[in-house]
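So you can see what is in the structure, the chains are spelled out below.
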Amino acid sequence: MVLTVHAPNHPGQTPASFTPDSRQAWVRLVLALVIGSIGAVGMWAVVVVIPVVQTEFAATRGAVSLAFTLMMFGFGLGGVIAGKITDRFGIVPAMAISIAFLGVANVLAGLSGQLWQFVAAYFLIGLGTSATFAPLMAEASHWFERYRGLAVTIVASGNYVAGAMWPPIVSWGTQEIGWRYTHIGIGIVCAGLMTVLVLILRVQMGRDTVHDHANAPPPRVDLRLSTNTLTVLLSIASISCCVAMAMPQVHIVAYCGDLGYGVARGAEMLSLMMGCGIVSRIGSGYLADKIGGIRTLLVGSLAQGFALVFYLFFDSLTSLYLISAMFGLFQGGIVPSYAIIVREAMPASEAATRVGIVIFASVFGMSFGGWVSGVIFDATGSYAAAFANGVAWNALNIGIVVLLLIRARMGSVKIGPGFAT
């Protein structure tokens with residue numbers, strides 16, 4: 001059995017009040033997954049309504065797309081803020097603030113009289129969504145020891161589940177009652193459902209809603225780096241891997257349109273990619289519990305680069321479906337690996353904040369990667385150079401991960417069967 005860092009309960013509680021990896025821990029995990037799947041609605045609703053919002057406000061596609069960009073920025077920034085709140089006050093207060101932002105912001109989006117108001121509302125939606133990802137992953141890591149990696153990746157799958165669940169619902173609502181009433185309905189329904197679920201989670205956690213990290217064991221991976229230095233390295237690695245990741249995720253639909261296959265085929269490939277990403281995230285959790293977060297990240301990064309190279313040489317319809325499925329299977333576990341590394345190599349008391357910072361970096365990487373790929377396409381008239389750019393950024397990520405692995409091996413100490421940190 002692998003020994004791990006776990007945040008203990010309050011001093012006044014008996015150790016038997018909560019047992020890591022117990023049935024109670026799994027109940028909490030299921031609740032966290034459902035909360036994350038509901039709270040991530042804004043990440044996908046905006047993609048569905050862009051065309052109708054563009055028509056209503058007589059705006060350009062780029063102007064309306066700014067709503068997505070600011071939503072992602074709010075998502076990243078909010079992750080840092082919500083992480084700090086979680087570390088100090090617990091996940092329940094952070095989620096309460098998140099719910100308030102999601103409810104109010106979706107209603108404001110539906111009431112928007114001008115495009116700038118719609119865009120501003122989506123920035124608030126991003127802030128509200130943030131607590132359902134990085135802080136929730138960090139919180140789940142406190143509930144498990146043996147299956148910590150699996151738990152983190154299951155929670156991280158919430159936004160992929162949302163990607164499969166919400167677009168058809170939003171599309172139906174937009175067609176039947178319009179995008180405005182759909183957003184108002186989303187705000188009311190999400191606030192109500194998430195409030196009930198968070199209250200149930202609070203009951204499940206009892207007095208453990210705030211962790212006392214004073215007596216937490218030290219990190220199990222010694223990289224001989226300060227937490228700030230490691231945070232910077234992980235953030236750079238996160239940016240570079242997500243720049244590479246953004247090329248297929250953001251441009252596969254347009255790429256298929258350019259090749260003459262139609263945007264519908266590209267949308268199918270994106271859906272296939274996200275579905276395979278769920279499998280990848282859960283599988284990477286199992287792997288991380290066996291070999292650790294750094295090695296799991298290296299495996300995912302190497303595999304992602306391998307899949308990107310295939311895009312350079314094959315562009316038939318069948319091959320693009322296969323490569324997109326392969327890409328989803330390879331890249332889905334990369335981002336959660338950073339959260340696992342933070343829990344392995346940093347103090348438990350800083351987990352949510354540090355995970356929030358690294359996830360913020362990944363959001364920047366996704367945003368920059370989507371933009372720069374478009375710029376490269378405009379300059380060259382082809383996506384070939386954009387895919388090559390993704391491969392180069394992925395190589396930078398691999399280099400940083402290899403450096404961390406070397407430092408981990410230099411300071412390795414056997415702390416469990418078959419697990420050298």
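All values derive from a computational prediction rather than experimental measurement.

Engineer: Any chance you could explain the overall build of the protein here in plain terms?
Structural biologist: What the protein contains, in helices and strands, is 15 helices and two strands. Considering only contacts in the protein between residues 6 or more positions apart, those separated by 24 or more positions represent 84%. Total accessible area on the protein stands at roughly 16,600 Å², and carbon and sulfur atoms take up 70% of it.

Engineer: Is there a simple way to explain helix H9 (residues 227–259) in this structure?
Structural biologist: In an α-helix there are 3.6 residues to a turn, and that puts residues three or four apart on one side. Taking 1.5 Å of rise per residue, the 33 residues of H9 would be expected to cover 48 Å, and the 46 Å separating its terminal C-alpha atoms lies within 8% of that figure. His251 marks where H9 bends most, by close to 60°. In the stretch just after H9, Gly260 is the one whose phi turns positive, near 90°.

Engineer: Is there a simple way to explain the pattern of salt bridges in this structure?
Structural biologist: As a working rule, side chains carrying opposite charge can pair if their charged atoms are close by. What the rule picks out here adds up to two salt bridges. Of the charged contacts in the structure, one is a salt bridge between Arg180 and Glu56, with a shortest N-O distance of 2.8 Å. Of this pair, Arg180 sits in helix H8 (residues 158–205) while Glu56 sits in helix H2 (residues 41–57), placing them 124 residues apart in sequence. When its relative accessible area of 43% is taken as the criterion, Glu56 is described as partly exposed. When the shortest N-O distance is used, the salt bridge between Glu350 and Arg354 registers 2.9 Å.

Engineer: Is there a simple way to explain unusual backbone geometry in this structure?
Structural biologist: Comment: phi is negative for the bulk of residues other than glycine, and the bulk of peptide bonds are trans. The backbone of Ala58 sits at a positive phi, close to 50°, despite the residue not being glycine. By the element assignment, Ala58 lies in the loop between H2 and helix H3 (61–89). Accessibility expressed as a relative area gives 71% for Ala58, which makes it exposed.

Engineer: So what exactly am I meant to see when it comes to the packing of helix H13 (residues 334–345) against helix H14 (residues 351–380) here?
Structural biologist: Helix-helix packing is described using two parameters, namely the angle between the two axes and the distance between the axes. Put simply, H13 and H14 touch, their axes get as near as 9 Å, and they point 150° apart. If you check the angle between H13 and H14, you find them roughly antiparallel. Considering the relative orientation of H13 and H14, their crossing is right-handed. Contacts between H13 and H14 involve Val335, Tyr338, Ala339, Val342 and Arg343 from the former and Ala351, Arg354, Val355, Val358, Ile359 and Ser362 from the latter.

Engineer: Honestly, a nonpolar patch on the surface in this entry has me stumped. Any pointers?
Structural biologist: There is a patch of nonpolar side chains on the surface, built from Val309, Leu312, Phe313 and Phe314 and spanning about 380 Å² of accessible area. Relative to the helices and strands, Leu312 is located in helix H11 (residues 293–313).

Engineer: Would you explain helix H7 (residues 148–156) in this entry?
Structural biologist: The buried count for H7 comes to nine of nine residues, which makes it a mostly enclosed element. Buried within H7 we find Arg148, Gly149, Leu150, Ala151, Val152, Thr153, Ile154, Val155 and Ala156.

Engineer: Explanation requested: the confidence of the model for the protein in the structure shown.
Structural biologist: The predicted coordinates should not be examined in detail at positions where pLDDT is low. Overall, the prediction assigns the protein a mean pLDDT of 83, with 90% of residues at 70 or greater. For the protein, the element scoring lowest by mean pLDDT is strand S2 (residues 419–420), at 36; helix H4 (residues 91–110) scores highest, at 94. In the model, residues 1–16 has pLDDT below 50 throughout and makes 47 contacts with residues more than four positions away in sequence or in other chains. Overall, residues 413–421 carries pLDDT values under 50, and its contacts beyond four positions in sequence, including any with other chains, amount to 23 contacts.

Engineer: Please clarify how the packing of H9 against helix H12 (residues 317–331) should be interpreted in this entry.
Structural biologist: Their axes nearest at 11 Å, the elements H9 and H12 cross at an angle of 165°. It follows that H9 is roughly antiparallel to H12 by the angle criterion. H9 and H12 meet at a crossing whose hand is left-handed. Here H9 contributes Ala244, Met245, Pro248, Gln249, Ile252, Tyr255, Cys256 and Leu259 to the contact with H12, which in turn contributes Leu320, Ser324, Phe327 and Gln331. Across the contact of H9 with H12, the residue classes break down as nine nonpolar, three polar and no charged.

Engineer: Help me out: how do you make sense of the packing of aromatic side chains in this one?
Structural biologist: Between two aromatic rings, the relevant description is the distance of the centres plus the angle of the planes. Evaluated as defined, the whole model comprises 17 aromatic pairs. An angle of 85° between the planes, with centres 5.4 Å apart, marks the rings of Phe118 and Trp179 as edge-to-face. Separated by 61 residues along the polypeptide, Phe118 in helix H5 (residues 115–130) and Trp179 in helix H8 bring together distant segments of the chain. Of the two residues examined, Phe118 and Trp179, each falls in the buried class. With centroids separated by 6.2 Å and ring planes inclined at 5°, the aromatic side chains of Phe364 and Phe368 adopt a geometry described as stacked. You can see Phe364 and its partner Phe368 sitting in helix H14, four residues apart, about one turn around the helix.

Conventions and cut-offs
Residue indices begin from 1 for each chain and proceed along its sequence in written order. Only residues with pLDDT of at least 70 get local features here, since the model is predicted, and only at 80 or more are side-chain atom pairs given and counted; chain-wide, interface and lining totals rely on the full set of residues. With hydrogens and water stripped out, all remaining heavy atoms of the structure feed into the side-chain values. For the purposes of this entry, the term helix denotes a DSSP run of H or I that reaches at least four residues, the term strand denotes a run of E that reaches at least two, and both are numbered from the N terminus. Should any heavy atoms of two residues lie within 4.5 Å, those residues are counted as being in contact. Here, Shrake-Rupley sampling with a 1.4 Å probe gives the accessible areas, and only protein chains in the shown set may cover a residue. Here the expected length of a helix is defined as 1.5 Å per residue gap, with one fewer gap than residues. Note on bend: at a given residue it equals the angle between the axes fitted to the 7 residues ending there and to the 7 starting there. Each reported salt bridge corresponds to a side-chain nitrogen of Lys or Arg within 4 Å of a carboxyl oxygen of Asp or Glu. Think of it in three bands: residues with accessible area under 20% of the maximum for their type are buried, residues over 50% are exposed, and the middle band is partly exposed, with areas taken using a 1.4 Å probe on protein chains only. Interaxial angle, 0 to 180 degrees, is taken between N-to-C directions of lines fitted to C-alpha atoms, where a helix line uses only the stretch in contact. What sets the label is the angle itself: under 35 degrees gives roughly parallel, over 145 gives roughly antiparallel, 65 to 115 gives roughly perpendicular, and the rest give oblique. We call a crossing left-handed when the near helix sits turned anticlockwise from the far one by less than a right angle, and right-handed when that turn is clockwise. Each patch is built from salt-bridge-free residues with over 30% relative accessible area, joining like charges within 9 Å and nonpolar side chains (Val, Leu, Ile, Met, Phe, Trp, Tyr) within 5 Å. Along the chain, pLDDT gives the predictor's confidence residue by residue, from 0 to 100. Under this grouping Gly is polar, as are all residues other than the nonpolar Ala, Val, Leu, Ile, Met, Phe, Trp, Tyr, Cys and Pro and the charged Asp, Glu, Lys and Arg. Aromatic pairs are defined between Phe, Tyr and Trp rings, using the six-membered ring for Trp, whenever the two ring centres lie within 6.5 Å; interplanar angles under 30 degrees are classed as stacked, those over 60 as edge-to-face, and all others as tilted.

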